Amino acid sequence: MPLDKSIKKVLVIGSGPVVIGQAAEFDYAGSQACLSLREEGIEVVLLNSNPATIQTDHSVADRIYIEPISVEAVERIIAKEKIDSILPTMGGQTALNLALKLKREGIFEKYPVRIIGTPIETIDTAEDREKFHRLMLEINEPVAPSARLTVHNYMDDIPKLDIYPLIVRTSFSLGGSGGKILRTKEELSALANEFFRVYSDEVLELEKSLEGIMEIEYEVIRDNAGNCITICNMENLDPMGVHTGESIVVTPSQTMSDQEYHNLRDSAIKVISALGIKGACNIQFALNQETEEYYIVEVNPRTSRSSALASKASGYPIARTSSKIAVGYNLTEIINPITKNTYAAFEPSLDYITVKIPRWPFDKFEVERKIGVQMKSIGEVMGIGRTFEEAFFKAIASLETKESKSLRLPVSDEKLRELIRTPSDLRIYAIIEALLRKWSPEEVSSL
Amino acid sequence: MNRYLILEDGTVLKGVAFGYAGDSYGEIVFTTSMTGYLESITDPSYRNQILTFASPTVANYPLRMGLFESDSVQVAGVVARDAHAKLVIDQSWLYFNQLLEEHKVPGIDLVDTRLLVRKIREKGVMRAYMSSSPEVPGEFPDPMDEDVVAKVSCSEPYHVKGESGHRVLFIDVGAKKSLVKELSMLADLYVVPYNSDFDRIEYDYDSIFISNGPGDPSHQSLSKVADFIRKRSVDTHIYGVCLGHQLISLALGGKTMKMKFGHRGSNHAVTDGKRIFITTHNHGYAVDRDSLENTGLMVTQWDINDGSVEMVRHEEKPIFSVQYHPEASPGPRDAKWFFEDIRKDLGVR
């Protein structure tokens, strides 16, 4: 399919301020998208509340609005600029949430404007945990087993359940982080008894905890004709339970067999096709290599932090290609601007390894150094090398912290054990220190 | 211990020896597959070739996580940048070395494979020695002059039972195990050697399949297979993969040619003009598109980047074949529809 000529003026929604938890990676995606659209002769209007981004440079967009990222602002811009299309998948979660809000408030009925790229219904399904789980079950793709307890069924159901350890959430904390991990029937019974005595109208949502197993991501692009390719995969050094933004990430995966690699690739393509993504997205898996089971954790129906990483690691212009798809092109028609003589329809094969390490601000702020499901890092470094060791140490050297310069931790053996056991920014140094103290790799790994 | 890779153009690369402690000779090629090292080195299509892994880490996961594509290690040698990721968890490195020793296949590690790949891309495939001495030998005979298929084709016919009621004569010119497995799910197979007396086969079949395999499709040792295909093309369903695809094209009047450095890897995009499939390739020869004129064969798929012929289909007869590997292993499974097409063509429910 060639360029859709009905697209004349596109509003690109930016990601807003750079805060802890959302780094500047969306600037990169957003700017690439704007330039890619302008290349097609399309007028680009940009909304971003952050004046300090490269996106708001006049060479990036035709018109720039530095205003709050809100429904009101978008409505005003649509009316004033006569916008015909909105691209909401380049500004992180902020822009995606705004798109969902625009839909709820009926903006798409009120004005002759539409979403381009991944359809709003797809965004809705991917973002809504329950809808997403239902779709996964429909297409026979595994998600973490879950159950729902009410005052009526819990007495009967608890003895039958075998999904420990599990995360329990109350219906009023859903979506939030108020989950608790339970490991036994007894713990669950006690909690349920107590809970339903007080809240007999509420439900308890249970989900198998995937904590501790391997976390893998695939970056996927799908076009308007349904062609689907995977740009690369990313293996998290830290297991499930540590946010991918907080994890050391290696591309391409180093410990997966061909079978595992392609089982997950097949699954990624199936899921992304069922969702109906048009453009780039990211899918996360939890893989248990011992039982050969995997679970789909979630899909980000947009360019994400991982897209920026995948783009840099593989050299594939993800945001650019995905904007071209948004305006009608297919992978068979888009030329790869880096090689200039090949098409965007290929899967990069790397003859190097990249290692990403998050950069935490713990040298500047006195806060708890433990890392987990919440993001504390403020940026990241990437090392590229012909071997894992080379890439890894290049990344460490780029961190420029006290520890990364000395590589030694002057602590007791006891303290060292604890540092290896608990995820924190110091864990990698603790591992290096342990190996320098001639602890065996088996011993370090068993911790 | 040092080991040297000596190329036809005089280049000598030094590395560290592993695997079998002996010399070797072959055509030097590279693969861009990032996974599936065991599947690659046991693929019979790599016979008489020294395989360079463009991806730096080899043997980075345990051997038991891979699949054997034949009963032996087929490559003439393994060249790697970083094959020394010594896996202590289950002695994988030891097993990998033992495997190479058993099958008399030497390896060289710590080679600048990026430089090597660039050289091959620039100058095309070359002939190379793997040796304990850096001395450049005077002669570099063509490893493809040999009858390579003889080394990989089965020696006796065998039967793979299938339930569909259809019976396929499977000509083994170096078949991968996963290809036999895929086909056996569609029909009863009678697998025969490449040098069989095809007119005297005591098996009642309704279609013919020609497998993948190594070497030059126009090698005279294969002319009997091509003659047989030509003869049966008037009244039988015929399918093929890789070398089989090339033999079908030759049999019907087309020509094949040697490619500069070929396609080897799991990331090649093939298109039919609308759809794209990411597929596993392992071919150093290709069917010449222009030569297919007036043969009845149409090019229905091609490589999106260099236009090489990747699939042909006869305009009237039930004959079609692909150049790439729909059975994957290693690689993506985008082209599994090929077996579905055969299922439909056979009329299997």
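No experiment lies behind these values; they were computed from the predicted model shown.

Reading the values: rules and limits
Residue positions are given per chain, counting from 1 as you read along its sequence in written order. By the order in which they are written, chains take letters starting at A while ligands take numbers starting at 1. Totals for whole chains, interfaces and linings use all residues, but because this is a predicted model, local features are given only for residues with pLDDT of at least 70 and pairs of side-chain atoms are given and counted only at 80 or more. To obtain the side-chain values, all non-hydrogen atoms of the structure were included, while hydrogens and water were left out. Secondary structure elements follow DSSP: runs of H or I no shorter than four residues count as helices, runs of E no shorter than two count as strands, and numbering proceeds from the N terminus. In this setup the radius of gyration rests on C-alpha atoms only. A globule is expected at 2.2 Å times the number of residues raised to 0.38. With a 1.4 Å probe rolled over the protein chains alone, any residue whose accessible area is under 20% of its type maximum counts as buried; one over 50% counts as exposed, and the rest are partly exposed. Contact criterion: two residues are considered in contact whenever any of their non-hydrogen atoms come within 4.5 Å of each other. The protein chains shown are the only cover counted for residues, whose accessible areas, like all others here, come from Shrake-Rupley with a 1.4 Å probe. When charges are counted, Lys and Arg contribute as positive and Asp and Glu as negative, whereas His and the chain ends are disregarded. Where a charge lies is defined by one atom per residue type, namely NZ (Lys), CZ (Arg), CG (Asp) and CD (Glu). Where a domain begins and ends is set by an automatic assignment or by a domain database. Angles run from 0 to 180 degrees between N-to-C directions of axes, and those axes are lines fitted to C-alpha atoms, restricted for helices to the stretch in contact. When an angle is under 35 degrees it counts as roughly parallel; over 145 it counts as roughly antiparallel; between 65 and 115 it counts as roughly perpendicular; any other value is oblique. Polar here means any residue outside two lists: the nonpolar Ala, Val, Leu, Ile, Met, Phe, Trp, Tyr, Cys and Pro, and the charged Asp, Glu, Lys and Arg; Gly therefore counts as polar. Only when DSSP finds a minimum of two bridges between them are two strands counted as paired. Known as pLDDT, the predictor's confidence for each residue is given on a scale from 0 to 100.

Attention shifts here to the overall build of chain B. On a plain count of helices and strands, chain B comes out with 8 helices and 17 strands. Taken over the C-alpha trace, chain B has a radius of gyration of 20 Å; the compact-globule value for 349 residues is 20 Å, and the two agree within 12%. Summarising its shape, the C-alpha atoms of chain B cover approximately 60 × 40 × 40 Å along the three principal directions. Out of the 349 residues belonging to chain B, those deemed buried represent 65%. Across chain B, the fraction of contacts at a sequence separation of at least 24, relative to all contacts at a separation of at least 6, is 74%. When the accessible surface of chain B is split by element, carbon and sulfur atoms take 47% of a total near 13500 Å². Averaging the coordinates of the 38 positive side-chain charges in chain B and doing the same for the 48 negative ones gives two points 3 Å apart.

Below, the discussion takes up the domain arrangement of chain A. Taken domain by domain, chain A consists of domain 1 (9–116), domain 2 (145–208), domain 3 (214–354) and domain 4 (401–447). Relative placement of domain 2 of chain A and domain 4 of chain A: their C-alpha centres are 37 Å apart.

So, about the packing of helix α5 (residues 120–127) of chain A against helix α6 (residues 129–138) of chain A. Residue and element names in this part refer to chain A. Running from N to C, α5 and α6 point in directions that differ by 95°, and their axes come no closer than 5 Å. One way to sum up the angle between α5 and α6 is to call them roughly perpendicular. Contacts between α5 and α6 involve Asp124, Thr125, Ala126 and Glu127 from the first element and Arg129, Lys131, Phe132 and Leu135 from the second. A per-class count over the contact of α5 with α6 returns 3 nonpolar, 1 polar and 4 charged.

As a further point, take the sheet that holds strand β2 (residues 43–47) of chain A. Strand pairs in the sheet, formed through backbone hydrogen bonds, run parallel or antiparallel to each other. In space, the 5 strands of this open sheet follow the order β3-β2-β1-β4-β5 (chain A), with parallel pairing throughout. Among the strands making up the open sheet, the edge pair consists of β3 (63–65) and β5 (114–115) of chain A.

With that settled, the discussion passes to the confidence of the model for chain B. Regions with low pLDDT carry predicted coordinates that are not meant to be interpreted in detail. Here chain B shows a mean pLDDT of 95. Residues at 70 or above account for 98%. For this predicted complex, the interface confidence score (ipTM) comes to 0.94, while the overall pTM stands at 0.92.

The next point concerns the pairing of strand β6 (residues 106–109) of chain B. Each regular strand displays side chains that alternate between the two surfaces of the sheet. Residues and elements named next belong to chain B. Neither face of β6 is exposed, since Pro106 and Ile108 on one face and Gly107 and Asp109 on the opposite face are all buried. Of the pairings in the sheet, the one linking strand β2 (residues 12–19) to β6 comprises 4 bridges and is antiparallel in character. Looking at β6, one finds that Phe18 is bridged to Gly107. By the bridge criterion, 2 bridges tie strand β5 (residues 77–79) to β6 in an arrangement that is parallel. For Val79, the partnering residue across the bridge sits in β6 and is Ile108.

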